[in-house]
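Here is how the chains run, residue by residue.
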Amino acid sequence: MSIILPEPGSDAKGAARPAEAPIYIPAEETPHLHKEYKGILRWLTTVDHKLIGVMYLWFAFFSAFAGGALAGGIRAQLALPILTDGTNATMGLNAGKALLSPELFNQFIGMHASFMIFFAIIPGFAGFSNYFVPLLIGARDMAFPKMNAFAFWLLIPSALLMICSFAFGSTGAGWTGYAPLSTRTYSPNIGVDMWIFGIHLAGVSSIMGAINFIVTMSTMRAPGMKWFKMPLFCWTVLIQSWMALIGTPVLAGVVTMLLTDRLIGTGFFDPARGGDPLLYQHLFWFYSHPAVYIMILPGFGIVSHIMASFSGKHVFGYKGMVYATAFIAIIGFLVWGHHMFSAGMEPWLRAYFGFMTMLIAVPTGVKIFSWLATLWGGSIRFTVPMMYALGFIGLFTIGGVSGVFLANVPFDVQVHDSYFVVAHLHYVLFGGSVMTILGGTYYWFPKMSGRFLDEKLGKIIFWCIFLGMNLTFMPMHWIGLAGMARRIYTYRPEFLDMNRLISCGYLLMLAGGIMLLGNILYTLVAKKRTAGNDPWGVNATQHTLDWETKSPPAPHNFDRLPKIV
Amino acid sequence: MSAAAHEEEHIHLPEPTIWPFILVLGISPLPVAAILALRPELPLHYLWPAILGFGGFLTLVGTLGWVTMVIREKTTIDQTWGNNTLTMAWKLFLLSEAAIFSAFFGHLFYTMYHAESRAILGNTWPPIGTPHIALSIPALGTGVLVASSITCELAHKALLRGRRAAAKNWLMFTLILGFIFIGMQGYEWGHLMSYFGFTPSSSYVGTIFYLITGFHGFHVITGLLMLFVVYARMELGSFDRRRHFSMNAASWYWHFVDVIWLFVFFVLYLGIQPSAH
C-alpha cells in the first residue's frame with residue numbers, strides 16, 4: 001500500500017512521496033481554521049478527537065493509580081495478616097488487629113477490579129482509539145465529535161459514583177456483583193446502588209463510543225482506503241466496538257434488574273419468589289466474558305504496529321490477523337459459561353463451554369505465531385515500545401495457556417476461586433492489556449506530544465514493571481494450586497512467605513509506575529519538541545498515516561486529505 | 001479524487017462546544033436523586049426533589065443548547081452528507097436497544113425453560129397463582145400499534161412525495177394511535193394492580209411482566225415524543241424531500257417499538273395464559 005498526498009496545484013495523481021520529506025507548512029502558517037478557547041475552557045469545550053483522546057489517557061492513568069492504591073491496600077493486608085491459626089503476622093503495626101476489616105478488604109477487591117476494568121483499561125484503549133483511529137484512516141475527526149466529548153465526560157460522574165460509594169459501604173460483592181450477595185438482604189448499604197449507576201453511566205459511554213467508532217471507520221476512510229487496507233489497530237478497534245455495542249446493553253439490562261430488585265422490590269434474583277441467582281451469572285458473563293476481549297483486542301492492534309515497526313517489516317499475515325480477531329470476537333460471545341463451571345450447570349453445557357473456550361486458543365495462536373513470524377528475519381530494534389511488545393507476547397502466552405488449563409472442567413472445578421484464577425486473569429489483563437497500553441504510550445508519545453520519553457529510564461521502568469509483574473503474579477499460580485482462596489482477607493500460615501514475596505513484587509511495579517508518571521510529567525514540562533513527522537523512522541516500511549502528519553498533529557490532522565493507492 | 005479536491009476548498013472542523021459537558025453535569029445528580037428517592041430510610045431522603053430538579057434543569061438546558069447548536073450548524077453548513085452517518089448510527093443504536101430487550105427476554109426464556117424443576121413456581125409454567133390476564137386489551141393494543149406503524153409509514157411516503165399536508169395528517173393519526181395504546185396499557189396496569197393485587201413484587205411473573213411492559217411502555221412514550229417533535233418541525237416547515245433525517249429516525253424507532261411489542265404479546269402475554277400449555 002502506498003499513500004499519495006496531493007500537493008497544492010498538482011493533479012491528484014502525484015507520485016509516492018519519500019518518507020522523510022516534510023509535507024506540512026509550519027504551524028504559524030497554518031490557516032486559522034476554527035475557533036478555540038484558552039485554558040481550562042479549551043478542555044471543557046473541545047470536540048477534537050486528539051484532545052479527547054489525551055483526556056481519556058490521563059483519566060485512565062490516574063484511575064490506574066487509584067486502582068493501584070487499592071491493590072496496595074490488598075497487598076498490605078495480605079503481607080501483614082492475622083493468620084487463620086491466630087498468629088499475629090502484622091509485625092506489631094496495628095496492635096493485633098488486621099489492617100483492613102474483612103468487609104473493607106472485600107470492598108477493596110471489588111473496587112480495585114471495577115476501577116481497573118471500567119476506568120483504567122477500557123478508557124486507556126479508548127484514548128488511543130480516539131487519538132489514532134481518525135489519524136490512521138486519514139480523517140479529520142470522528143463522525144460525531146460532540147457525542148465523543150459527551151462519552152468521555154460521562155466517565156467522570158461514573159468514576160465519582162464508584163469512588164464515593166466507599167463512604168457509604170461500597171460493594172463488597174466484588175466487581176461481578178453476584179446475586180444474592182449483592183441483593184439488599186446481604187448488601188443493605190447504598191454502595192451497590194451507586195456502583196450500579198456507575199456501571200450504567202460507563203456503559204452508556206461505552207455504547208456511544210462504539211457507535212462512533214463503527215460509523216467513523218465505515219464512512220470516513222480516506223479515498224482509496226479499502227477495508228483491507230485499513231491498519232490493524234483500526235480493525236481491532238472496529239471489532240472491539242461491535243463487541244461493546246452488542247454486549248454492554250446486556251450488562252446494563254442485568255444490573256438494571258438487580259437495581260429494581262434492590263430498590264423497587266422485584267424478584268428477578270430472589271429464589272423465594274421464583275427468581276434465580278444463577279441467572280444473574282449467566283447474563284452478567286454474557287457481557288463480561290466479551291469484555292475480556294474488549295479489554296485486549298486494541299492491544300493486539302497496538303502490538304502489531306509496534307512489532308512491524310521495529311522489525312522493519314510488514315506485519316505477517318495481515319488478513320489472517322483480521323480474520324483471527326473477528327473469530328475471537330464471535331467465539332467470545334459463546335463461552336461465558338466457563339466462568340460458572342462450579343456454579344451448577346448441566347454436564348453437556350459444561351462440555352460445550354469447555355470445548356468452545358479451548359477453540360479460542362486457535363485464533364489466538366494464529367496471532368501469536370503471526371507476531372513471531374513478523375519478528376523472523378527482521379532487523380529488530382530494541383526500543384522501549386518494542387520491549388513492551390515482546391514482553392507482552394511472553395506474558396500473554398502464559399496467561400493464554402493457563403486459560404486453556406481453566407477451560408478444562410475438572411481442573412477448573414479444582415482451582416475455582418483460588419489464586420490460580422487470580423494469576424491467570426492478571427497475566428491476561430496486566431501482561432496483556434496493560435503491557436500493550438504502556439507499549440502504546442511509548443510508541444505514540446512522540447506523536448502525541450512532539451517529545452521523546454527517555455529511552456534509558458524507559459528501559460529501567462520496563463524491567464521494574466516486567467519483573468515486578470512476574471514476581472507478583474507467578475507465585476499466585478503456586479499458592480493457588482496449593483489451595484489459597486481468593487477474596488479472603490486471611491489465609492493459612494504456610495502461605496505467609498509467598499504472600500510477602502508477592503507484596504514485594506507489587507512495590508517494584510509501583511516504583512515503575514511512579515517513575516513513569518514522573519518521566520511523563522518531566523518530559524512534558526522540560527523537554528523541547530524535537531519529534532518530526534516520523535520520529536521512530538519507521539514509515540518507509542510501515543506506510544501508516546499517523547506518521548504522515550506533524551507531531552503533534554494540527555487540529556485538522558492533514559492539510560490535504562491523503563489518497564491511498 | 002473528487003472527494004479530496006472538494007475537501008481542499010474548505011476544511012470544516014466542528015466548533016468547540018460546552019453543551020456535552022453541561023449535559024453531563026445535569027445527568028450526574030440524577031442517580032443520586034434516584035437513590036435518595038427510592039430509599040426513604042436515608043437521612044437526606046427529603047432532598048431528592050431538589051436534586052432531581054437541579055439535575056433535570058441542567059439536563060434540559062444542555063439538551064436544548066446541543067439541539068439548537070446542531071440545527072444552527074445544519075442551516076449554515078450543507079450537511080446532507082452527514083445523513084449517511086446519522087442513519088448508520090441510528091441503526092446501531094436500535095441494535096443496542098434490542099440487546100437490552102434480549103437480556104430481559106433471556107431472563108423470561110430461561111425461567112420458562114427451568115420452571116418444571118422449580119418448586120417455588122409450582123413446577124409448572126405459568127406458575128401457580130398467576131392471574132388470568134385477559135387477552136382482549138393487549139390484542140387490541142397489538143392492532144393499534146401495527147396500525148400506527150402503517151400510518152407512520154404512510155406519513156413518511158407522503159413526505160417523500162412532497163405532500164406535506166398528507167404527511168402531517170398521517171403523523172397525527174400515528175400520534176393518536178400511540179396515545180390510545182399508552183392509555184390502554186395504563187388501564188390494564190391499574191386493573192391488574194387494583195383488581196388482582198398483581199404487582200412487581202408479588203411473584204416472578206409480576207416482576208418480569210411489569211419490567212418488560214414497563215420498559216416497552218417507556219419506549220412507546222419516547223417514540224411519541226420523537227414523533228411529536230417531528231410533527232412540530234413539519235409545522236415549522238423544516239423538512240423537504242431530500243433532508244428529513246428526524247422523520248426517518250422517528251419512524252424507524254416507532255417500527256422498532258412495534259416489533260418489540262409483537263414479541264411482548266406473543267411471548268409474554270400468550271406465554272402466561274393458563275391455556276398456553
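Just so it is clear, the structure is predicted and the values come from calculations on it, not from any experiment.

Q: Help me out: how do you make sense of the interface of chain B and chain A in this one?
A: How big an interface is tends to be stated in terms of the accessible area lost upon association of its parts. Counting from both sides, the interface comprises 56 residues of chain B and, opposite them, 70 residues of chain A. Taking both sides of the interface into account, the surface hidden between chain B and chain A amounts to around 5500 Å²; carbon and sulfur atoms contribute 77%. Its largest share of buried area at the contact with chain A, chain B owes to Leu13(B), Pro16(B) and Arg39(B), together 12% of the area lost on that side. Where chain B packs against chain A, one counts 3 salt bridges.

Q: How should unusual backbone geometry be read in this particular structure?
A: Note: most peptide bonds trans; most residues except glycine with negative phi. Residue and element names in this part refer to chain A. Cis geometry marks the peptide bond from Ala179 to Pro180; its omega dihedral reads 5°. Its location among the elements puts Pro180 in the loop between helix H4 (145–164) and helix H5 (191–219). Its identity as a non-glycine residue notwithstanding, Asp417 has a phi of 55°, on the positive side. Tracing the sequence through the fold places Asp417 in the loop between helix H12 (409–415) and helix H13 (419–449). One non-glycine residue with positive phi stands out, namely Asn557, at about 65°.

Q: Whenever I open this one, the packing of aromatic side chains confuses me. Can you help?
A: For any pair of aromatic rings, geometry is given as the distance between the ring centres together with the angle between the planes. Scanning the entire structure with this criterion turns up 70 aromatic pairs over all chains. With 6.4 Å between their ring centres and 25° between their planes, Phe215(B) and Phe218(B) make a pair best called stacked. Here Phe215(B) and its partner Phe218(B) are both found in helix H8 (residues 204–235), 3 residues apart, which amounts to about one turn of the helix. Positioned over the ring face of Trp227(A) is Arg221(A), at 3.8 Å from the centre of the ring. Above the ring of Phe228(A), the side-chain terminus of Lys319(A) is found at 4.7 Å from the ring centroid.

Q: Sorry if this is basic, but what is going on with empty space enclosed by the protein here?
A: A probe as big as a water molecule, rolled over the atoms, marks out the empty space that is left. All names here are of chain A. Applying the stated criterion to the full structure yields 3 cavities of 30 Å³ or more. Taken together, 25 residues make up the lining of the largest cavity; nearest its centre are Ile122, Ala126, Ser205, Ser206 and Gly209. The greatest single-element share of the lining of the largest cavity, amounting to 8 residues, is contributed by H5. Partitioning the lining of the largest cavity into residue classes produces 15 nonpolar, 10 polar and no charged.

Q: So what exactly am I meant to see when it comes to the environment of Ala511(A) here?
A: Residues and elements named next belong to chain A. With respect to the secondary-structure elements, Ala511 resides in helix H15 (residues 496–526). Given a relative accessible area of 32%, Ala511 falls into the partly exposed group. Taking the C-alpha atoms as reference points, Ala511 and Ile461, 50 residues apart in sequence, are found 8.1 Å from one another.

Q: Is there a simple way to explain H8(B) in this structure?
A: Given 3.6 residues per helical turn, the α-helix brings residues three or four places apart onto the same face. Residues and elements named next belong to chain B. Compared with an ideal rise of 1.5 Å per residue, which puts 32 residues at 46 Å, H8 spans 46 Å between its outermost C-alpha atoms and is within 8% of the ideal. Looking at where H8 begins, the residue whose side-chain oxygen comes 3.3 Å from the main-chain nitrogen of Val205 is Ser203. Two residues or fewer after H8 comes Gly237, characterised by a positive phi angle close to 80°.

Q: Explain helix H14 (residues 455–481) of chain A here, please?
A: Residue and element names in this part refer to chain A. In this model H14 runs 39 Å from its N-terminal to its C-terminal C-alpha over 27 residues, within 8% of the 39 Å that 1.5 Å per residue would give. Where H14 begins, one side-chain oxygen reaches toward the backbone nitrogen of Lys456, 3.0 Å away; that side chain belongs to Asp454. Taken from the residues just after H14, Gly483 is the one with a positive phi, measuring 110°.

Q: Mind showing me how you'd approach the packing of helix H2 (residues 19–27) of chain B against helix H3 (residues 29–38) of chain B here?
A: How two helices sit against one another is set out by the angle between their axes and by the gap between those axes. Residues and elements named next belong to chain B. Where H2 contacts H3, the axes come no closer than 5 Å and their chain directions differ by 10°. As judged from the angle between their axes, H2 and H3 are roughly parallel. Contacts from Leu25, Gly26 and Ile27 of H2 reach H3 at Pro29, Leu30 and Pro31. Of the residues belonging to the contact of H2 with H3, the class tally is 5 nonpolar, 1 polar and no charged.

Q: I'm lost on the confidence of the model for chain B in this one. Help?
A: Detailed reading of the predicted coordinates is not advisable wherever pLDDT falls low. All names here are of chain B. Averaged over every residue, the pLDDT of chain B is 88; the share at 70 or more is 92%. The lowest-confidence element of chain B is helix H1 (residues 2–9), averaging 43 in pLDDT; the highest-confidence one is H2, averaging 96. Low pLDDT, under 50, characterises residues 1–9; the stretch is placed with 8 contacts to residues that sit more than four places away or in other chains. Model confidence for the complex: the whole-complex pTM is 0.92, and ipTM, which rates the interface, is 0.91.

Rules and cut-offs
- Residues numbered from 1 in each chain as written.
- Chains lettered and ligands numbered in written order.
- Predicted model: local features only at pLDDT ≥ 70, side-chain atom pairs only at ≥ 80, totals over all residues.
- Heavy atoms only, no water.
- Contact = heavy atoms within 4.5 Å.
- Buried area = accessible area lost by both parts, 1.4 Å probe.
- Salt bridge = Lys/Arg side-chain N within 4 Å of Asp/Glu carboxyl O.
- Helix = DSSP H or I, 4+ residues; strand = E, 2+ residues; numbered from the N terminus.
- Phe/Tyr/Trp six-rings, centres within 6.5 Å; stacked < 30°, edge-to-face > 60°.
- Lys NZ or Arg CZ within 6 Å of the ring centre and 35° of its normal.
- 1 Å grid on protein atoms, 1.4 Å probe; cavity = no way out; pocket = protein on both sides within 12 Å on 5 of 7 lines; lining within 4 Å.
- Points joined across faces, edges and corners; volume = space filled by probe spheres on them.
- Nonpolar A, V, L, I, M, F, W, Y, C, P; charged D, E, K, R; others polar.
- Buried < 20%, exposed > 50% of the residue type's maximum accessible area, 1.4 Å probe, protein only.
- Expected span 1.5 Å × (residues − 1).
- Polar contact = N/O pair within 3.5 Å; in protein donor to acceptor, adjacent residues only side chain to side chain.
- Axes fitted to C-alpha atoms, helices over the stretch in contact; angles between N-to-C directions.
- Parallel < 35°, antiparallel > 145°, perpendicular 65-115°, else oblique.
- pLDDT = per-residue confidence, 0-100.

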